[in-house]
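Examining the three-dimensional arrangement
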Amino acid sequence: MILYGSETWTLKKKERDLLATAQRKMMRWMLGVTLLDRRRNSWLYEKLKLREVRSEAVKRKWLFAKIIARGEDTWAKKIVEWRPWAKTREVGRPKPRWRDDLRAVLGERWATVARTDKHLFKYYMI
């Protein structure tokens, strides 16, 4: 439930950390443990046998990127590639886009890599 639609999110480090904090808070609530009980996070994950939300969100995004790269003319691809019509950009650092972290790892031709090289693309899904 916490990852609903996470394939399309543009997460910064602060937001990834907030997701992890929320997950651990929910895990403590499920186990009936408080912060005052001083249980380690590893103990929480062992007890509930859950994966970390941050890595799962990244994995879902990379899998969605692979689907986008394979699709020819889908709505999802149009939305990902859409650029606003504004002719002048806002002052300051540009806002992160959905594909920026894909480009940072795989380069400008991330879609080609996603379509052709299964092993390399899978390797980067942390």
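The following refers to the structure shown. Source: prediction; values computed, not measured. (Residues numbered from 1 in each chain as written. Predicted model: local features only at pLDDT ≥ 70, side-chain atom pairs only at ≥ 80, totals over all residues. Heavy atoms only, no water.)

Moving on, we come to the pattern of salt bridges. Inspection of every chain in the model, using the stated rule, returns seven salt bridges. Residue aspartate 17 is joined to lysine 13 by a salt bridge in which the shortest nitrogen-to-oxygen separation is 3.0 Å. Within this pair, aspartate 17 and its partner lysine 13 are both found in helix H1 (residues 13-31), separated by four residues, close to a single helical turn. Note that glutamate 56 and arginine 60 form a salt bridge whose closest N and O atoms lie 3.9 Å from each other. Remark: arginine 60 and glutamate 56 occur in helix H3 (residues 53-70); sequence separation between them is four residues, near one turn of the helix. (Salt bridge = Lys/Arg side-chain N within 4 Å of Asp/Glu carboxyl O. Helix = DSSP H or I, 4+ residues; strand = E, 2+ residues; numbered from the N terminus.)

Residues Trp29, Met30 and Leu50 make up a contiguous nonpolar surface patch of roughly 390 Å² in combined accessible area. The topology assignment puts tryptophan 29 in helix H1. Tryptophan 29 gets classed as exposed once you look at its relative accessible area, which sits at 72%. (Patch = residues over 30% accessible without salt bridge, like charges linked within 9 Å, V, L, I, M, F, W, Y side chains within 5 Å. Areas by Shrake-Rupley, 256 points an atom, 1.4 Å probe, with all protein chains shown as cover. Buried < 20%, exposed > 50% of the residue type's maximum accessible area, 1.4 Å probe, protein only.)

Here we come to the nonpolar core. Counting residues in each nonpolar core, the largest one holds twelve residues, listed as Trp62, Phe64, Ala65, Ile68, Ala69, Val80, Trp98, Leu102, Leu106, Trp110, Val113 and Ala114. Every element with two or more residues in this core is listed here: H3, helix H5 (100-106) and helix H6 (110-116). Among the elements that make up this core, the one with the highest residue count is H3 (five residues). Those residues in contact with phenylalanine 64 that lie beyond four places of it in its chain are Glu7, Thr8, Ala76, Val80 and Trp98. (Core = buried A, V, L, I, M, F, W, Y, C linked by side-chain atoms within 4.5 Å. Contact = heavy atoms within 4.5 Å.)

Let us look at the layout of surface pockets. Rolling a probe over the atoms, with the probe sized like a water molecule, indicates the empty space that remains. One number sums up the size of the largest pocket: a volume of about 820 Å³. In terms of lining, the largest pocket is formed by 23 residues, of which the most central are Trp82, Pro84, Lys95, Pro96 and Arg97. Taken together, the residues that form the lining of the largest pocket break down as ten nonpolar, four polar and nine charged. (1 Å grid on protein atoms, 1.4 Å probe; cavity = no way out; pocket = protein on both sides within 12 Å on 5 of 7 lines; lining within 4 Å. Points joined across faces, edges and corners; volume = space filled by probe spheres on them. Nonpolar A, V, L, I, M, F, W, Y, C, P; charged D, E, K, R; others polar.)

Summed over all chains, the structure comprises one aromatic pair. Note on phenylalanine 64 and tryptophan 98: the rings are 5.9 Å apart at their centroids and 85° apart in plane angle, and the pair reads as edge-to-face. Of this pair, phenylalanine 64 sits in helix H3 while tryptophan 98 is found in the loop between helix H4 (75-81) and H5, placing the two residues 34 residues apart along the sequence. A relative accessible area of 8% places tryptophan 98 in the buried class. (Phe/Tyr/Trp six-rings, centres within 6.5 Å; stacked < 30°, edge-to-face > 60°.)

What follows is about the side chain of lysine 61. Note that lysine 61 resides in helix H3. Contacts of lysine 61, omitting those with residues within four sequence positions, involve Glu7, Trp9, Trp98 and Asp101.

When the terminal C-alpha atoms of H3 are compared, their 26 Å separation across 18 residues agrees well with the 26 Å that a helix rising 1.5 Å per residue should span. Along H3, the positions that sit buried rather than exposed are Val53, Glu56, Ala57, Lys61, Trp62, Phe64, Ala65, Ile68 and Ala69. (Expected span 1.5 Å × (residues − 1).)

Our next topic: the packing of H1 against helix H2 (residues 41-48). Relative orientation of the contacting elements H1 and H2 amounts to 60°, with a least axis distance of 10 Å. Put simply, H1 runs oblique to H2. The two elements H1 and H2 meet at a crossing, and its hand is left-handed. Residues Gln23, Arg24, Met27, Arg28, Met30 and Leu31 of H1 form the contact with H2, whose participating residues are Asn41, Trp43, Leu44, Tyr45, Lys47 and Leu48. (Axes fitted to C-alpha atoms, helices over the stretch in contact; angles between N-to-C directions. Parallel < 35°, antiparallel > 145°, perpendicular 65-115°, else oblique. Left-handed = near helix turned anticlockwise from the far one by under 90°.)

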